[in-house]
Amino acid sequence: MPDTQALVNDFLNKLKKRKIEGSQATARQTAELLRSVISQQRVPYTNQAGALIDAVKAIGEQLIAANPVELAVGNIVRRVLHIIREEDLSLTTAAIGGLNLSAVSDDENDDDRDGDSTLSAAAVAAAARSTLRPPSLQTLLEDTPVSAAVPQTSSSGGDSEGKTADKSSRSRKLKHDVIEAVNELIQDIVTCHEQIAEQAVEHIHQNEVILTLGSSRTVLEFLFAAKEKKRSFRVFVAEGAPRYQGHLLAKELVARGLQTTLITDSAVFAMISRVNMVIVGAHAVMANGGVIAPVGMNLVALAAQKHAVPFVVLAGSHKLCPLYPHNPEVLLNELRSPSELLDFGEFSDCMDFGSGSGSPLLHVVNPAFDYVPPKLVSLFITDAGGHNPSYMYRLIADYYSADDLVVQRRATAGN
Amino acid sequence: MQYDDKSRVQKLKKRSVVKPTEARNRVELFRHLPQYEHGTQLPVLQSKFFQLDTLHPAVYKVGLQYLSGDICGGNARCIAMLQAFQEAIRDYSTPPAKTLSRDLTAKISSYVSFLIDCRPLSVSMGNAIRFLKSQIAKIPISLSESEAKATLHSDIERFINEKIILADRVIVKHAVTKIRDGDVLLTYGSSSAVEMILQHAHELGKQFRVVIVDSRPKHEGKLLLRRLVRKGLSCTYTHINAISYIMHEVTRVFLGASSVLSNGTVYSRVGTACVAMVAYGFHIPVLVCCEAYKFHERVQLDSICSNELGDPDSISKVPGREDINHLDGWDKSENLQLLNLIYDATPSDYVSLIITDYGMIPPTSVPVIVREYGRGQLWI
């Protein structure tokens with residue numbers, strides 16, 4: 001336990017100080033941290049899923065608070081919570097399935113093996129009631145907690161022995177399954193570039209002209225994959241001031257033999273009339289299909305719309321966030337240091353607070369992110385294929401549970 | 001502009017004084033525009049100063065100032081050029097057996113081609129040269145040389161005064177009526193007309209804030225920022241990528257122009273089109289301030305058919321950020337080109353109003369002004 005706490009604190013520190021670059025790295029490290037938390041978490045015999053969920057929620061709350069703008073952290077926390085619920089659900093279903101089978105062969109090998117299934121029948125049925133069946137209108141109206149039914153049906157002492165054996169094996173199985181699923185999640189995060197890049201050939205034809213802004217590893221792999229398949233095309237890269245990551249991207253593209261032209265961000269409108277397609281990466285994709293992207297992307301999207309150029313966003317599934325963006329320019333944005341725009345030494349004489357009201361005359365604004373509304377995006381290419389912005393909300397149902405949207409430990413008496 | 005035509009380029013090279021070297025990695029789309037290696041011409045020209053007798057020293061000096069970027073901006077360049085021509089005309093004497101008008105016109109043409117070699121002409125300069133040549137052609141034969149020179153001198157003086165200085169005052173007078181208390185005004189880069197408007201409005205006591213949007217590589221907004229803060233205006237400074245963020249607070253956008261073309265397109269510093277587009281998307285009025293002598297009967301649809309290409313090295317390096325050096329040695333790789341556009345064309349739909357010395361007009365009235373007040377009646 002102290003082991004995990006140290007890991008958690010270390011990770012929290014890194015998040016707060018913005019030491020981790022990029023949503024993929026953040027997502028992977030969050031998943032690995034949660035995996036170690038789960039594997040070291042001791043689970044009780046009853047309602048082990050609930051205990052795991054509580055533990056993850058407790059840590060997740062701290063992680064999200066450390067860097068609220070890095071949405072990948074919250075996404076992974078919610079993914080893991082969804083995994084726990086799903087694995088619990090599938091175990092319950094399997095147990096019920098086993099129960100039905102053993103009811104048929106009940107007269108045969110009773111005591112030993114059936115200790116598992118028949119004894120836990122009542123408990124399994126009760127658990128099934130809570131997980132399998134959606135809350136009925138009756139339940140919702142009466143507001144009775146369904147899981148309260150579980151302890152009442154537990155019966156004799158002989159049962160309890162088999163029950164504990166069953167429960168411990170079930171709990172081990174649950175943790176095992178959850179950790180396997182989290183490993184798969186980490187694998188998905190790490191290989192999302194390849195899966196997106198596989199779709200490159202479907203979208204890029206010969207003699208195409210592509211525009212991109214800043215630098216994104218997904219876009220890089222995408223363009224390389226198209227180049228591997230012998231498509232010849234040119235790329236215009238906009239610098240992406242004030243971080244100038246476009247310079248990096250241009251250098252890498254040139255190293256791979258692609259015709260690249262570097263332009264300033266102010267020239268985007270001038271050049272976009274000669275561009276066939278705009279391909280960009282994203283920082284996060286919101287539930288309505290809107291995109292949180294590096295600053296300057298809204299400019300490119302508006303220019304692309306004016307010239308009827310398709311605006312394609314590449315995003316791994318760990319970037320899909322189940323939240324709806326309310327006032328994203330302010331709430332999901334970070335203001336960076338003004339020294340990237342103005343040299344403090346050069347402008348020190350303008351920083352004089354000498355005017356009557358005492359308020360500074362000079363104010364420098366340097367936002368890090370931009371919000372692109374869904375109507376400007378033509379297509380999302382994720383590792384699960386290509387989608388319309390209006391479809392993104394459906395993917396959320398695959399990856400997240402509705403109970404996890406607000407990651408807060410409920411202060412109610414647990415089971 | 002036909003720099004993709006080899007025979008024309010050869011002819012130009014023979015006549016030129018500057019002898020620029022062609023840049024190596026040229027962007028294909030812009031083959032029809034000249035692109036030369038910067039940085040090599042200035043020292044060569046400076047060394048040749050005492051050897052050139054065909055060129056008047058004042059014109060030579062102005063050419064060097066253009067080349068090094070000391071004089072920048074449509075009005076400043078035009079005034080500097082006209083004043084240099086005034087001096088050249090004052091020192092001019094007609095050679096025997098030649099008429100003043102023809103010989104002087106030829107001399108002015110040679111000066112102009114030198115200036116073009118230093119830096120391509122702006123539309124304001126082109127219009128001023130056309131005016132000067134027409135005035136030279138109109139000189140009656142009966143006039144003596146000194147009288148002719150005096151007439152020309154006063155004509156140039158009147159042009160500068162009426163078309164530029166007084167025009168700016170009229171524009172400022174019109175524009176300050178559009179500024180109300182509590183406004184947040186956005187401007188892009190550094191335009192002389194817009195700066196005068198803001199300073200005058202501040203002197204009149206209006207309460208407003210200014211947002212200055214700047215971009216690479218020239219960072220002209222920094223100079224404007226310094227001058228405005230010194231005068232006591234409260235300013236916000238940001239870069240062009242952040243305009244979507246800042247546009248929520250803005251109430252009006254004031255832009256300058258290098259020229260306004262006859263289809264209403266505003267031809268000005270690259271990035272203006274982006275600012276106008278975002279302002280239009282947020283339903284914010286865009287006011288372009290441009291003197292009428294900068295209007296032109298040319299039409300243009302995009303920013304590629306006619307433009308100016310600047311020094312690509314100023315893009316590969318970021319002043320003050322030595323860590324951004326990924327593109328050192330960029331000219332060695334044949335796959336990489338750097339594009340430094342100087343101008344762009346803003347479509348007329350994005351412009352709400354053009355403020356000129358003839359009044360406040362919509363973009364559709366520009367060809368009317370060019371036709372009615374352009375050629376014939378220059379003094380009205």
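Residues numbered from 1 in each chain as written. Chains lettered and ligands numbered in written order. Predicted model: local features only at pLDDT ≥ 70, side-chain atom pairs only at ≥ 80, totals over all residues. Heavy atoms only, no water.

The name given to chain B in an unreviewed UniProt entry is Nagb/rpia/coa transferase-like superfamily protein, with the source organism recorded as Citrus sinensis.

Chain A has the name Translation initiation factor eif-2b subunit beta in an unreviewed UniProt entry, where Citrus sinensis is given as its organism.

**Describing the overall build of chain A**
Under the convention used in this document: Secondary structure follows DSSP: runs of H or I at least 4 residues long count as helices, runs of E at least 2 residues long count as strands, and numbering of each begins at the N terminus. Only protein chains enter the accessibility calculation, which uses a 1.4 Å probe; a residue is then buried when its area is under 20% of its type maximum, exposed when over 50%, and partly exposed in between. Only heavy atoms enter the contact rule, under which two residues are in contact if any of them lie within 4.5 Å. What sets the accessible areas is the Shrake-Rupley method with a 1.4 Å probe; for residues, cover comes only from the shown protein chains.
Along the backbone of chain A there are 17 helices and 11 strands. Taking all 415 residues of chain A together, the buried fraction comes to 51%. Put simply, of all contacts in chain A between residues at least 6 apart along the chain, 81% involve residues at least 24 apart. Summed over its atoms, the accessible surface of chain A is roughly 18900 Å², and 52% of this surface lies on carbon and sulfur atoms.

**Some remarks on unusual backbone geometry**
Of note, the amide linkage connecting A241(A) to P242(A) takes the cis form, showing an omega dihedral of -5°. Here P242(A) is to be found in the loop between β2 (233–238) and α13 (245–255). Residue P217(B) is reached from R216(B) by a cis peptide bond, and omega for that bond is -10°. You can see P217(B) is positioned in the loop between β2 (208–214) and α9 (220–231). Backbone geometry places A97(B), a non-glycine residue, at a positive phi of 65°. In this fold, A97(B) is placed in the loop between α4 (74–90) and α5 (100–118). Although it is not a glycine, H283(B) sits at a positive phi angle of roughly 60°. For H283(B), the location among the structural elements is in the loop between α11 (272–281) and β7 (286–289).

**Quick look at the packing of aromatic side chains**
Going by this rule: Side-chain rings of Phe, Tyr and Trp, where Trp is taken by its six-membered ring, are said to pair if the distance between their centres is within 6.5 Å; with planes under 30 degrees apart they count as stacked, over 60 as edge-to-face, and otherwise as tilted. In our convention, an over-ring charge means Lys NZ or Arg CZ found within 6 Å of a ring centre and within 35 degrees of that ring's normal.
Applying the stated criterion to the full structure yields 8 aromatic pairs over all chains. Considering the side-chain rings of Y60(B) and F114(B), the 5.6 Å spacing of their centres and the 10° angle between planes classify their relative orientation as stacked. One end of the pair, Y60(B), is in helix α3 (residues 57–68); the other, F114(B), is in helix α5, with 54 residues separating them in the sequence. Its relative accessible area of 2% is what places F114(B) among the buried residues. Grouped by ring-pair contacts, the aromatic residues F269(A), Y280(B) and Y350(B) constitute a single cluster. The ring of Y66(B) carries the charged tip of R77(B) above its face, separated from the ring centre by 5.1 Å.

**Let's talk about the nonpolar core**
Rule in force here: Buried Ala, Val, Leu, Ile, Met, Phe, Trp, Tyr and Cys residues that are joined via side-chain atoms within 4.5 Å together make up what is termed a nonpolar core.
Judged by nonpolar contacts, the single largest core of 85 residues is most densely connected at V278(A), F311(A) and V253(B). Beyond its immediate chain neighbours, meaning those up to four positions away, V253(B) contacts L186(B), M247(B), V275(B), A279(B), I284(B), P285(B), V286(B) and L287(B). Core analysis: the second largest hydrophobic core is formed by 41 residues, F85(B), M125(B), L132(B) and I139(B) among them.

**As for the packing of helix α12 (residues 217–228) of chain A against α13(A)**
Residue and element names in this part refer to chain A. Put simply, the rule reads: Every axis corresponds to a line fitted to the C-alpha atoms, with the helix fit spanning only the stretch in contact, and the corresponding angles, defined between N-to-C directions, vary from 0 to 180 degrees. Any angle from 65 to 115 degrees is called roughly perpendicular, while one under 35 is roughly parallel, one over 145 is roughly antiparallel, and all others are oblique. Less than a right angle of anticlockwise turn of the near helix away from the far helix marks a crossing as left-handed, whereas a clockwise turn marks it as right-handed. For this classification, the nonpolar set comprises Ala, Val, Leu, Ile, Met, Phe, Trp, Tyr, Cys and Pro, the charged set comprises Asp, Glu, Lys and Arg, and every other residue, Gly included, is treated as polar.
Taken N-terminus to C-terminus, the directions of α12 and α13 make an angle of 20°; their axes are 11 Å apart at the nearest point. Looking at the two axes, α12 sits roughly parallel to α13. Read as a crossing pair, α12 and α13 show a hand that is right-handed. Residues L220, L223 and F224 of α12 form the contact with α13, whose participating residues are L249, E252 and L253. Across the contact of α12 with α13, the residue classes break down as 5 nonpolar, no polar and 1 charged.

**Details of the interface of chain A and chain B**
We count it as follows: Summed over both partners, the accessible surface that disappears when two parts come together, traced with a 1.4 Å probe, is what is meant by buried area. Counted as salt bridges are all cases of a side-chain nitrogen of Lys or Arg within 4 Å of a carboxyl oxygen of Asp or Glu. Counted as a polar contact is a pair of N or O atoms within 3.5 Å, where, for protein atoms, one must be capable of donating a hydrogen and the other of accepting one, and residues adjacent in sequence contribute only when both atoms are in side chains. Note on pairing: two strands pair once DSSP finds at least 2 bridges between them.
The partner chain B presents 57 residues to the 54 residues of chain A that form the contact. A combined buried area of about 4800 Å² lies between chain A and chain B, and 63% of that area is made up of carbon and sulfur atoms. Considering only the side of chain A, the residues that lose the most area to chain B are S266(A), F269(A) and L361(A), jointly responsible for 14% of the buried surface there. Across the salt bridge formed by E239(A) and R216(B), the nearest N and O atoms sit 2.4 Å from each other. In this structure, the connection of chain A to chain B is made through 20 residue pairs in polar contact (both at pLDDT 80 or more). For the side of chain A that touches chain B, the secondary structure elements donating two or more residues are β2, α13, β3 (259–263), α14 (268–271), α15 (297–306) and β8 (362–364) of chain A. Residues belonging to the side of chain A that touches chain B are distributed by class as follows: 28 nonpolar, 14 polar and 12 charged. Both β8(A) and strand β3 (residues 234–239) of chain B contribute to a ladder of 3 bridges, which runs parallel. Of the residues in β3(B), the one forming a bridge with H363(A) is T236(B).

**A word on the environment of L166(B)**
Residue and element names in this part refer to chain B. Checked against the element boundaries, L166 lands in helix α7 (residues 145–176). For L166, a relative accessible area of 36% puts it in the partly exposed group. In the structure, L166 is positioned 125 residues away from E291 in sequence and 9.8 Å away in space, judged by C-alpha atoms.

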